[in-house]
Amino acid sequence: MKKILFFAAAVAFTGSSAAYAADAVEQIPQAPAAVEAVAPAFTWGGAYIGAHGGYAWENGDFRDAFGGTASGNFDGGRIGGFVGYNWQMSSGFVVGLEGDVNYDWNDKSFAPGFRAGTDFSGSVRGRVGYAMDRALIFAAGGWTATNGFVKGPGFDTDKTLNGWTIGAGVDYAFTDNVFARVEYRYNDFEDKNIGGIKADFDQHVVNVGIGVKF
């Protein structure tokens, strides 16, 4: 009888141990699911620098002290560089400040021994735009200046011509740091007296550039 009771107890103990083990296996906690890393959103905020080239369509009107007048188109290529800083708002709007320096091949001979035009130029402009992810549509305006010169028989003079500029364009970022640009500008250098000749230059410009943001 004792053997039967001992055998029954052993069977019961073995069964309960197996059931407990099965429950323990069922209750093994699952490994936490891997969390996918989220890349930070692209932003136009920060400093940037770049270079551009393009073409300028420039018109010049001249009047001398004796009432003689002349005018001409001083179209030509240009090359330059720019540097600036953007602040991007949570709404997608971007504001910034930018400066540039250029060299324009805008000169012409349109009378015997008479040559005029502009060469070095630059500007400081405020910018406002709207960012659509990696595309930034912007408008810009501010101060501009160029070196105007007039050369003729017996004289060779130049003068800094101050004026204003306004324009618009698109920046597009190919990577987080490299972007391309296409823009249009209108520059008005107003009337200035250069060596006794009153000169009035205005300029339409198209620039294509590439920049690096930091």
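Residues numbered from 1 in each chain as written. Predicted model: local features only at pLDDT ≥ 70, side-chain atom pairs only at ≥ 80, totals over all residues. Heavy atoms only, no water.

Caption draft 1: Just the overall build of the chain, in detail. When you go through the chain residue by residue, the secondary structure sums to 1 helix and 9 strands. When its helices and strands are written in sequence order, the chain yields α-β-β-β-β-β-β-β-β-β. Buried residues in the chain amount to 36% of all 214 residues. Considering only contacts in the chain between residues 6 or more positions apart, those separated by 24 or more positions represent 61%. Surface exposure of the chain reaches about 12,300 Å², of which carbon and sulfur atoms provide 66%. (Helix = DSSP H or I, 4+ residues; strand = E, 2+ residues; numbered from the N terminus. Buried < 20%, exposed > 50% of the residue type's maximum accessible area, 1.4 Å probe, protein only. Contact = heavy atoms within 4.5 Å. Areas by Shrake-Rupley, 256 points an atom, 1.4 Å probe, with all protein chains shown as cover.)

Caption draft 2: Representation of the nonpolar core. Residues Phe62, Phe74, Phe114, Ala116, Val150, Leu161, Phe189, Ile194, Ile197, Ala199 and Phe201 constitute the largest nonpolar core, which totals 11 residues. At the level of secondary structure, the elements contributing two or more residues to this core comprise β5 (114–132), β8 (178–194) and β9 (197–213). Ranked by residue count, the leading element in this core is β9, at 3 residues. With sequence-adjacent residues up to four places away left out, Ala116 is seen in contact with Phe62, Phe74, Asn106, Asp107, Lys108, Phe110, Phe149 and Val150. One finds Trp44, Tyr48, Leu136 and Ala173 within the second-largest nonpolar core, a separate group that totals 9 residues. (Core = buried A, V, L, I, M, F, W, Y, C linked by side-chain atoms within 4.5 Å.)

Caption draft 3: Focus on the pairing of strand β1 (residues 46–63). With 11 bridges joining them, β1 and strand β3 (residues 76–88) adopt antiparallel strand pairing. Among the inter-strand pairings, Ala56 is bridged to a residue of β3, identified as Gly76. Direction of pairing for β1 relative to β9: antiparallel, over a ladder of 16 bridges. Across the sheet, Ile49 pairs through a bridge with Val212, a residue of β9. Pairing of β1 with strand β2 (residues 69–73) involves 5 bridges; the strand directions are antiparallel. Bridge pairing in β2 places Gly60 opposite Gly72. (Pairing = 2+ DSSP bridges.)

Caption draft 4: Local environment of the environment of Asn106. Following the sequence through the fold, Asn106 ends up in strand β4 (residues 93–111). Residue classification places Asn106 among the buried residues on the basis of a relative accessible area of 0%. Leaving out residues up to four positions away in the same chain, Asn106 has contacts with Ala56, Glu58, Phe74, Asp75, Gly76, Ala116, Gly117, Thr118 and Gln203. Of the polar contacts made by the side chain of Asn106, one reaches the backbone oxygen of Phe74; its length is 3.0 Å. (Polar contact = N/O pair within 3.5 Å; in protein donor to acceptor, adjacent residues only side chain to side chain.)

Caption draft 5: Spotlight on unusual backbone geometry. Phi at Asp133 takes a positive value of approximately 60°, unusual for a residue other than glycine. The exposure class assigned to Asp133 is exposed, which follows from its relative accessible area of 54%. Notably, Glu190 is not glycine yet its phi reads approximately 60°, a positive angle. Mapped onto the secondary structure, Glu190 falls in strand β8.

Shape is all these values report; function is a separate question.
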